[in-house]
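Geometric and topological summary
Below, each chain spelled out in residue letters.
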Amino acid sequence: VRMKSRIPLILLACGSFNPITNMHMRLFELARDHLHQTGQYQVIEGIMSPVNDDYGKKGLVSARHRIAMAKLALETSDWIRVDPWESEQESWTETIKVLRHHYNESLRLLQSKKEFMKNKRPIERSTEDSLSYQHSVLPELKLLCGADFLQTFKTPNLWKEEHIKEIVEKFGLVCISRAGSDPAQYINESDLLTKFQHNIFLVKEWIQNEISATQIRYALCRGLSVKYLVPDSVISYIAHHNIYTEESERRNEGDLLQPLKLHSTTVNPLND
Amino acid sequence: KEGPDQKTEVVLLACGSFNPITNMHLRLFELARDYFHETGKYKVIKGIISPVGDAYKKKGLISANHRVTMAKLATKNSDWVEVDDWESSQSEWLETLKVLRYHHQKLLSPDPPNSLQNAIPLTKPGRKRKQEPNRHDPVKKKNQGPDIKGVPQVKLLCGSDMLESFGIPNLWKLEDITEIVENHGLVCISRAGNSVQKFIYESDILWKHKNNIHLVEEWITNDISSTKIRRALRRGQSIRYLVPDVVQAYIEKNNLYSPESEDRNAGVVLAPLQKHASDSKN
């Protein structure tokens, strides 16, 4: 299959990235390899979207730092970037809205490229320009996640049913799981996910690399090394700004996650 | 620190194929160092990566030149882990014990100017030195800090697979294993839920010297095996973030791993097996 006729695809990962680790970046690499091997897609971009501070998760440090660390980590990547839009909103934003935003942005970009190309004299256009100009296939945007993410759909009040539907129907999921876990089974147990399973790509990660950010933070608090699990530039940044401490880990302690707060008030308006 | 808080200096030596070196190999050093420092009794002064020589004849083993170069690239950013090519530059395969002895001797030798320069052997000259792990007599040394106790120890750093390979027939000599755990010591990094403790329990010699076998649990699962890296490369898959960027770039530039390279030494008997089989014949 020639690259030209593949569907352009953008991968979007939402999460705390508290902090970013080598594993986060691996997810993108694994997803890209997998999608390319289907022969149907050309991954054109990877976007990392750190969650808003308002999310209220325990131990979540300021978005300013989380974005800065992700930027440092992704400096050497030629296709993955970090986007601050979600973290810059006034309050926590549902994942579906982040997906919609980035999808609309990609359409806008495509449109402005077309305008630009139209105004260029033919002699100014490179072969590449011509190809992409003709290449007006709309890009697809898919949510990149780990297997545990799929399971959170079950958590009461965390997701709205109509949002889950829109995610799997209109966008799609690329779900990375490790050997031993079985997301296929979980999909099978959900009518909604089964209906749209053609739009849920399951990628198995054979090289175990479960670098949980929580464990990284624990290690940092205890003065243990995280070298080779997190890029050196991020380690330096963390040390320089003294970001992860016992105190930072206690942030939001006892608080309810923002989505739970929002959804439980809508469900139970009589509760305070 | 003074008095009973004196610390023993430790050098960590990792032997292996490093075919190629990965982030997991590098993690072993970090985990081991943290472990020793947390005991409060040791000070890790150096880490040494010693890639095995080509004469080892392992299947898929590419030239030592490349393996050493990649390891050097990978440790450029480390201020305490370095690569040593003595083992890989020997024309014949060397037993791990010999590499341990070599590095131990090197530490004691007066040639390079370092803080260990004036370390005095604890035994009379002419007698073979034996390192006793729980020696408590501090030896008075010139130019050595007051918090350093005894002479530095070289310990073999490995994963549970190497430790359990002691059980593979003809791969190791019993007297070598004995000297390794008796005179030097092992630092074994393994995943939670491993069978290493059971393996030690079932071996009389390991059990006898279990105080000199340090088990470090690795909580952050990180199973980046070189075999899997090579497999990914053959399949055109990305290995980014599993190995240092410089190593990935070097592999790509030199096109190091292919189905052909994986076939090297296919059908050839591993050097230690060959050696021990012919030894027992004699």
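The coordinates are above.
Below: a short report on this structure. Note that this is a predicted model, so its numbers are computed, not measured.

Further remarks concern the pattern of salt bridges. This model, assessed by the stated rule, comprises 23 salt bridges over all chains. Residues R81 of chain A and D83 of chain A are paired through a salt bridge, measuring 2.9 Å at the closest nitrogen-oxygen approach. The exposure class of R81 of chain A is partly exposed, given its relative accessible area of 31%. Measuring nitrogen to oxygen at the nearest pair gives 2.9 Å for the salt bridge that ties K98 of chain B to E95 of chain B.

All names here are of chain B. With 17 residues, helix α1 (residues 23-39) should cover 24 Å at 1.5 Å per step; its first-to-last C-alpha distance of 25 Å lies within 8% of that length. Among the 17 residues that make up α1, 12 are buried, leaving the element largely enclosed by the rest of the structure. All of the buried residues in α1 are N23, M24, H25, L26, R27, L28, F29, E30, L31, A32, D34 and F36. Of the residues flanking the start of α1, the one acting as N-cap is T22, its side-chain oxygen 3.1 Å from the backbone nitrogen of M24. The positive-phi residue at the C-terminal boundary of α1 is G40, with phi of around 80°.

The next point concerns the nonpolar core. Among the nonpolar cores identified, the biggest contains 42 residues, and L11, I20 and M48 of chain A are the most heavily contacted of them. Among the elements that line this core, the one with the most residues is helix α1 (residues 22-37) of chain A, at seven residues. Apart from residues no more than four positions distant in its own chain, I20 of chain A is found in contact with M25, M48, M69, A70, A73, L74, V230 and V234 of chain A. Counting residues in each nonpolar core, the second largest holds 40 residues, with A74, W80, V83 and L242 of chain B among its members.

Looking now at the packing of helix α3 (residues 96-108) of chain B against helix α5 (residues 174-184) of chain B. Residue and element names in this part refer to chain B. Between α3 and α5, the least distance of the axes is 10 Å, while the angle of their chain directions is 30°. Judged by the inter-axis angle, α3 sits roughly parallel to α5. In this structure, α3 crosses over α5, and the sense of that crossing is left-handed. Where α3 approaches α5, its residues L97, L100, R101 and H104 are matched on the opposing element by D176, E179, I180 and H184. Residues that form the contact of α3 with α5 fall into these classes: three nonpolar, two polar and three charged.

This part is about the layout of surface pockets. All names here are of chain B. Looking at the second largest pocket, its volume works out to about 1200 Å³. Considering the residues around the second largest pocket, the lining is formed by 47 residues, among which C15, G16, K58, D161 and M162 are closest to the centre. Elements with a minimum of two residues in the lining of the second largest pocket: β1 (7-16), α1, α3, β4 (148-159), α4 (160-164), β5 (186-191), α8 (226-234) and α11 (271-281). Of the residues assigned to the lining of the second largest pocket, the class counts are 21 nonpolar, 15 polar and 11 charged.

In this fold, Q237 of chain B is placed in the loop between α8 and α9 (245-254). You can call Q237 of chain B partly exposed: its relative accessible area is 28%. Taking the C-alpha atoms as reference points, Q237 of chain B and S160 of chain B, 77 residues apart in sequence, are found 27 Å from one another. Not counting residues up to four positions away in its chain, the partners in contact with Q237 of chain B are D33 and Q37 of chain A together with A232 of chain B.

A few words now on the packing of aromatic side chains. Two numbers describe a pair of aromatic rings. These are the distance of the centres and the angle of the planes. For the coordinates displayed, the defined rule picks out 14 aromatic pairs over all chains. Aromatic side chains Y103 of chain A and F171 of chain A sit 6.0 Å apart centroid to centroid with 80° between the ring planes, which places their arrangement in the edge-to-face category. Linking Y103 of chain A in helix α4 (residues 95-119) with F171 of chain A in helix α7 (residues 161-171), this pair joins segments that are 68 residues apart in sequence. Residue F171 of chain A is classed as buried on the basis of its relative accessible area, which comes to 7%. What links up through ring pairs into an aromatic cluster is the set F149, F153 and W159 of chain A. When the ring centre of W207 of chain B is taken as reference, the NZ or CZ atom of K210 of chain B above it lies at 4.4 Å.

Definitions and cut-offs
- Residues numbered from 1 in each chain as written.
- Chains lettered and ligands numbered in written order.
- Predicted model: local features only at pLDDT ≥ 70, side-chain atom pairs only at ≥ 80, totals over all residues.
- Heavy atoms only, no water.
- Salt bridge = Lys/Arg side-chain N within 4 Å of Asp/Glu carboxyl O.
- Buried < 20%, exposed > 50% of the residue type's maximum accessible area, 1.4 Å probe, protein only.
- Helix = DSSP H or I, 4+ residues; strand = E, 2+ residues; numbered from the N terminus.
- Expected span 1.5 Å × (residues − 1).
- Polar contact = N/O pair within 3.5 Å; in protein donor to acceptor, adjacent residues only side chain to side chain.
- Core = buried A, V, L, I, M, F, W, Y, C linked by side-chain atoms within 4.5 Å.
- Contact = heavy atoms within 4.5 Å.
- Axes fitted to C-alpha atoms, helices over the stretch in contact; angles between N-to-C directions.
- Parallel < 35°, antiparallel > 145°, perpendicular 65-115°, else oblique.
- Left-handed = near helix turned anticlockwise from the far one by under 90°.
- Nonpolar A, V, L, I, M, F, W, Y, C, P; charged D, E, K, R; others polar.
- 1 Å grid on protein atoms, 1.4 Å probe; cavity = no way out; pocket = protein on both sides within 12 Å on 5 of 7 lines; lining within 4 Å.
- Points joined across faces, edges and corners; volume = space filled by probe spheres on them.
- Phe/Tyr/Trp six-rings, centres within 6.5 Å; stacked < 30°, edge-to-face > 60°.
- Lys NZ or Arg CZ within 6 Å of the ring centre and 35° of its normal.

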